[in-house]
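# Structure at a glance
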Amino acid sequence: METLPVGDKRLISYGVDLGTRVTTAFNSSKEAVREIHFQRGILTARNAMQEIKTYTIKNVTRRPRHW
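This section reports on the structure supplied with the text. (Residues numbered from 1 in each chain as written. Predicted model: local features only at pLDDT ≥ 70, side-chain atom pairs only at ≥ 80, totals over all residues. Heavy atoms only, no water.)

## Quick word on unusual backbone geometry
Not every positive phi belongs to a glycine, and Arg40 is a case in point at roughly 55 degrees. Relative to the helices and strands, Arg40 resides in the loop between strand S2 (29-39) and strand S3 (42-52). Arg40 gets classed as exposed once you look at its relative accessible area, which sits at 80%. (Helix = DSSP H or I, 4+ residues; strand = E, 2+ residues; numbered from the N terminus. Buried < 20%, exposed > 50% of the residue type's maximum accessible area, 1.4 Å probe, protein only.)

Structure representation (structure tokens):
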């Protein structure tokens, strides 16, 4: 889709593929990531949250799929 001018509106169509199943693994993880730097008298601290999820995509039709 091209860039829209300010204030312009467009309808974006989408659909659900009933022949595809997507599941999330229960072993997904989430952890805090922290960085602390001290340089030339300045202390810089950064905090972030890193989340890792595993998805499984399965074709539930007889027709071959190419993702």
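Let us keep going from here.
## Re a nonpolar patch on the surface
Together, Val22, Tyr55 and Ile57 give the surface a local cluster of nonpolar side chains, amounting to about 310 Å² of exposed area. Tracing the backbone through its elements, the reader meets Val22 in strand S1 (residues 20-24). (Patch = residues over 30% accessible without salt bridge, like charges linked within 9 Å, V, L, I, M, F, W, Y side chains within 5 Å. Areas by Shrake-Rupley, 256 points an atom, 1.4 Å probe, with all protein chains shown as cover. Salt bridge = Lys/Arg side-chain N within 4 Å of Asp/Glu carboxyl O.)

## Thoughts on the pairing of S3
Burial within S3 is sparse, with just zero of its eleven residues counted as buried. In terms of strand pairing, S2 meets S3 through eleven bridges, oriented antiparallel. Residue pairing for S3: Val33 is matched across the bridge by Ala48. A loop of two residues connects S2 with S3, the two strands running antiparallel in sequence, and Arg40 in this loop sits at a positive phi of about 55 degrees. (Pairing = 2+ DSSP bridges.)

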